[in-house]
Amino acid sequence: MDFSQRPFLVIWESTRACDLACVHCRASADSEPAPDELNHEEALHLIDEVSRIETPIFIFSGGDCLKRKDLPQLITYAKSKKLRTGAIPAITPALTDERLQELKDSGLDQIAFSLDAGNAHDHDAFRQVDGVFDRTLECIKKAEQLGMKIQLNSLINVHNEGQLEGLFELIQQMPIVFWEIFFLVPTGRGQDVPLMSAEKFEEAFAKIYQFSQGVNYIIKITEAPHYRRFCFEQKAIHGEPQSPHRHPGHLPDDLMQGRDLRESIGRAPSGVNSGKGFTFISYRGDIMPSGFLPIAAGNIRTDSLTDVYRNSPLFRQLRDTTLLKGRCGICAYKDMCGGSRARAYALTGDYLAEDPCCSYQPETDSLQKEGA
């Protein structure tokens, strides 16, 4: 895919309504839907726009997407447009066996649940709801019985970076096709959560990489694109050195996290970043490069998704690695990685600044020449 022409996936924040209050959430969710969220007809128009730009994957997120009563109808419509669909429901009493069956019957390709710790105490404390850990395990079991393809989402940060082995052990037992690991971007409620140091990122990378060698499903890292550099270095250490310049913007298949031995909707052909293979649509239709980079370049109610993605200055700048600043700007891995543009923006106010949570040091003399 040419990421200058179309994103690999579009995530739609179908509603901000959610009954949870997770400490890291990028959104300040409310118990009831906002009056200005996209209505049913506008949601159908959004799906048409995603289909028109030929994006293969469309994800229903939130808030809690189950708060939308028309969710099954929208999934069915997206499937009629040849889109592969995923949904990320919150673990609340609303996620009944009947609702899971309804999602299955709508044609949903993949369902995602969140697990952020290997035990109930730590997970429930993070999600701020007692019993949500046990309920998550129950939902996973039910989804498996229904024959649904299951994705797990986990956040790694200071609350669990010292307990990853327990999380790995639990994940290893899960019947999943995809594991997405998020690294915190301090936005929304996450602004009040301490952030791991760059050195701790590297320690987590090492543990994830070692774990990935023994699994047969995809492990995707979100908001830590420098994990691609880490994988590349590990490949070189084991006797297969290659120049990162040979793979501009592309992570070779044999360096992908995990091995795609089970069908999943989420394996990208090259490294995705904010506005580069990825687009986020807010509950009220704002077109953004990422939910963690909350700058609107247009709105689906008035603008063409194709035009905004291909031609807006914001999206074009995010895809142009020659504009990156500081260490990211002179890094040999900038086309492969590019740093977290969302974290750079959250911490510095500049989405082209270097990623403060990367410990890699390019040549210092080159850095000095750049005036960084």
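Residues numbered from 1 in each chain as written. Predicted model: local features only at pLDDT ≥ 70, side-chain atom pairs only at ≥ 80, totals over all residues. Heavy atoms only, no water.

Okay, the overall build of the chain next. Along the chain, the regular secondary structure elements total 13 helices and 10 strands. Burial statistics for the chain: of 372 residues in total, 57% are counted as buried. Taken as a whole, the chain presents about 15200 Å² of accessible surface, with 48% of it coming from carbon and sulfur. (Helix = DSSP H or I, 4+ residues; strand = E, 2+ residues; numbered from the N terminus. Buried < 20%, exposed > 50% of the residue type's maximum accessible area, 1.4 Å probe, protein only. Areas by Shrake-Rupley, 256 points an atom, 1.4 Å probe, with all protein chains shown as cover.)

The subject of this paragraph is the side chain of D116. Looking at the element boundaries, D116 is found in the loop between strand 4 (110-114) and helix 4 (120-127). In this structure the side chain of D116 is engaged in a polar contact, spanning 2.7 Å, whose partner is the backbone nitrogen of L155. Residues within four places of D116 in sequence aside, it is in contact with H123, F126, R127, N153, S154, L155, H159, N160 and L167. (Polar contact = N/O pair within 3.5 Å; in protein donor to acceptor, adjacent residues only side chain to side chain. Contact = heavy atoms within 4.5 Å.)

Once that is clear, we can look at the packing of helix 4 against helix 5 (residues 132-145). The interhelical angle for the contact between helix 4 and helix 5, taken along N-to-C directions, is 100°, at an axis separation of 8 Å. When the interaxial angle is binned, helix 4 and helix 5 end up roughly perpendicular. Contacts between helix 4 and helix 5 involve A120, H123, D124 and R127 from the first element and V132, F133, D134 and T136 from the second. Looking at side-chain class alone, the contact of helix 4 with helix 5 contains 3 nonpolar, 2 polar and 3 charged residues. (Axes fitted to C-alpha atoms, helices over the stretch in contact; angles between N-to-C directions. Parallel < 35°, antiparallel > 145°, perpendicular 65-115°, else oblique. Nonpolar A, V, L, I, M, F, W, Y, C, P; charged D, E, K, R; others polar.)

Turning next to the pairing of strand 4. Two faces make up the sheet, and in a regular strand the side chains alternate between them. With respect to burial, strand 4 is a largely interior element, 5 of its 5 residues being buried. Burial of the side chains of strand 4 extends over both faces: Q110, A112 and S114 are buried on one face and I111 and F113 on the other. Pairing geometry for strand 3 (residues 84-87) and strand 4, over 2 bridges, is parallel. Among the inter-strand pairings, A87 is bridged to a residue of strand 4, identified as I111. Remark: the strand 3/helix 3 (residues 97-105)/strand 4 crossover connection has right-handed handedness. (Pairing = 2+ DSSP bridges. Right-handed = clockwise from strand over helix to strand, strands pointing away.)

A few words now on the environment of A34. With respect to the element layout, A34 can be found in the loop between strand 1 (9-13) and helix 1 (40-52). Its relative accessible area of 18% is what places A34 among the buried residues.

Attention now goes to empty space enclosed by the protein. Across all of its chains, the model carries 3 cavities of 30 Å³ or more by this definition. The calculated volume of the second largest cavity comes to roughly 140 Å³. What lines the second largest cavity is a set of 14 residues, among which C328, C331, C337, G339 and C358 lie closest to the centre. Elements with a contribution of two residues or more to the lining of the second largest cavity: helix 8 (226-237) and helix 11 (326-330). Broken down by class, the residue content of the lining of the second largest cavity amounts to 7 nonpolar, 3 polar and 4 charged. (1 Å grid on protein atoms, 1.4 Å probe; cavity = no way out; pocket = protein on both sides within 12 Å on 5 of 7 lines; lining within 4 Å. Points joined across faces, edges and corners; volume = space filled by probe spheres on them.)

Moving on, we come to helix 5. At 3.6 residues per turn, the α-helix brings residues three or four places apart onto the same side. In a regular helix each residue adds 1.5 Å, so 14 residues correspond to 20 Å; helix 5 covers 20 Å between its end C-alpha atoms and thus fits that length. When helix 5 is considered as a whole, its buried residues turn out to be V132, F133, T136, C139, I140 and A143. Across the axial projection of helix 5, the buried residues extend over an arc of 115°, all falling on one side. When the buried face of helix 5 is taken as reference, the exposed residues oriented beyond 90 degrees from it are K141 and Q145. (Expected span 1.5 Å × (residues − 1). Arc of directions from axis to C-beta.)

Now for unusual backbone geometry. G63 follows G62 through a cis peptide bond whose omega is 15°. For G63, the location among the structural elements is in the loop between strand 2 (57-61) and helix 2 (71-80). Even without glycine at this site, E54 takes up a positive phi of about 65°. Structurally, E54 can be placed in the loop between helix 1 and strand 2.

Here we take up the sheet that holds strand 10 (residues 298-299). The strand order 7-6-5-4-3-2-1-8-9-10 describes an open sheet built from 10 strands, whose pairing is mixed. With one partner strand each, in any of the chains shown, strand 7 (218-222) and strand 10 form the two edges of the open sheet. Sheet topology note: the strand 1/strand 2 ladder contains 5 bridges and is parallel. Among the inter-strand pairings, V10 is bridged to a residue of strand 2, identified as F58. The strands touched by helix 6 (residues 164-172) are strand 5 (150-156) and strand 6 (178-183); relative to strand 5, the strand with the most contacts, the crossing angle is about 180°.

Right, let's get into the nonpolar core. Ranked by size, the top nonpolar core spans 81 residues in total, and within it F58, F60, F113, W179 and F183 carry the most contacts. With 6 residues, the single largest contributor to this core is helix 7 (residues 198-212). One finds V185, L293, C328 and L352 within the second-largest nonpolar core, a separate group that totals 9 residues. (Core = buried A, V, L, I, M, F, W, Y, C linked by side-chain atoms within 4.5 Å.)

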